[in-house]
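Breakdown of the fold
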Amino acid sequence: MATSDERGPRDTAGGRRADMLVLAAALVLYVPFVFLGYGSDNDSYGVLDSGRELLQHHRYVPSRPPGYLVYEVSIGILSRVGGSVLCNAASVVMALIALACFLRICEHFGVRHRHLLAVTLMVQPVFWLNATCTMDYVWALAMLLGGFLLLLRRWYLLGAILLSLAVGTRLSSFIAAGIFLIYPLRAYPKDRLRVVAAGAVAIVIGALCYLPSFRQAGYTTAFLHAGVSQGEMWSTKMKLGRFVYKNIYLWGLPATLVGAGLCTMIVFRREAILRKQWRGLVVVCLALLVGYEALFVKYPIEPAYLLQAVPAVLMLLGMGLSDRPRLLMLFAIAVASYAVVNINLARPNQRDKASSARIGLWVERGYIIQDVPRRKAVMGCATLECFTAKRLTD
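Residues numbered from 1 in each chain as written. Predicted model: local features only at pLDDT ≥ 70, side-chain atom pairs only at ≥ 80, totals over all residues. Heavy atoms only, no water.

**Comments concerning the packing of aromatic side chains**
All chains considered together, the criterion is met by 17 aromatic pairs. Seen from their ring centres, Tyr45 and Phe387 are 4.8 Å apart, and the 25 degrees between their planes marks the pair as stacked. Here Phe387 lies in helix 17 (residues 384–392) and Tyr45 lies in helix 2 (residues 42–57), a separation of 342 residues in the sequence. Overall, the relative accessible area of 0% leaves Tyr45 in the buried class. Here Arg64 stacks its cationic end above the ring of Tyr68, 3.7 Å away from the centre of that ring. The ring of Tyr305 carries Arg170 above its face, with NZ or CZ at 5.5 Å from the centroid. (Phe/Tyr/Trp six-rings, centres within 6.5 Å; stacked < 30°, edge-to-face > 60°. Helix = DSSP H or I, 4+ residues; strand = E, 2+ residues; numbered from the N terminus. Buried < 20%, exposed > 50% of the residue type's maximum accessible area, 1.4 Å probe, protein only. Lys NZ or Arg CZ within 6 Å of the ring centre and 35° of its normal.)

**What about unusual backbone geometry?**
Looking along the chain, the bond that leaves Pro65 and enters Pro66 is cis, with omega of 0 degrees. The topology assignment puts Pro66 in the loop between helix 2 and helix 3 (69–109). Positioned with a positive phi, His58 is a non-glycine residue whose angle comes to about 55 degrees. Along the chain, His58 turns up in the loop between helix 2 and helix 3. Given the relative accessible area of 68%, His58 is considered exposed. Even without being a glycine, Arg154 presents a positive backbone phi close to 65 degrees. Here Arg154 is to be found in the loop between helix 6 (137–152) and helix 7 (156–169). Classification of Arg154 as partly exposed rests on a relative accessible area of 33%.

What follows is the structure in structure tokens.
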């Protein structure tokens, strides 16, 4: 791992303008979806119920285990002030922050074609969808990337606080937060005491975020048990099938096939990715992939659970194919196509609660296109009860 503060070449004015164009394009792409209600995920409405209960009755009831305190409180306030539009707009802002931090991290390490990589992240359908609705995935990702960027700039305390808030937003963020805090221990050995102190602060703040859940669970660790009842019905075969299927449909079938080919190419030309300036970042990205895939083996529920590893995949591709921008462009096109068209390999026996599936080949509406009518069907709902009632008639 790198042991010095190595950076890529200083960015040019043209590069900064390109950064702003990427963010402007994201704003244009996302804003129309802000007006489609809170979203099509039942968890969004559980969060609204939790925030409302806390603000009106001063009683904390987690939206689901293990609790998402930072997000639940934030959405409770935003929803009361500006309803679904303000909540969704906040998600857009978080998405823009995530994209901006991604660009800055790539600049720091001298990763080439960062604008193309950022555009790929921008149109990645799971990121895109969660950037425009009331869900916590993009919020946590923005805090994680922002925290890592602050650590790279040696603002350790602020970086650690932001990482701890990411953990308070989604507990699974502890994987990325831990990896990001380990990096400066190796990269900046003279700062180790400061990093350790910042890490201790992050642990304390992160733990405090789950104190209400701990109390609500009768001062036991019961709140740490994921509330996924359908998971008890999964056989080992079904669980493995879900793991593979959900990994594929994080990206869509075309992008998965293209990405697999590009990864194979990188393995055979690994000297390109092992340049001294990138070794530390390569270790960080691989650790993120291993960490989140390992967690997903246990909970193969939604593709969005892997969203925190998506920037790592893009950075690895950017480093390994720094001299092959056309291949990166091909991957970006394949990723974007999933928003419009989905080539599906399996259909569940029941939506969102599959215990079996039919294998085949179907051409369907893409990830974003198919979500629009789902969101419209539950527009006007602000409670889980309303969402469930309208969803049953959908």
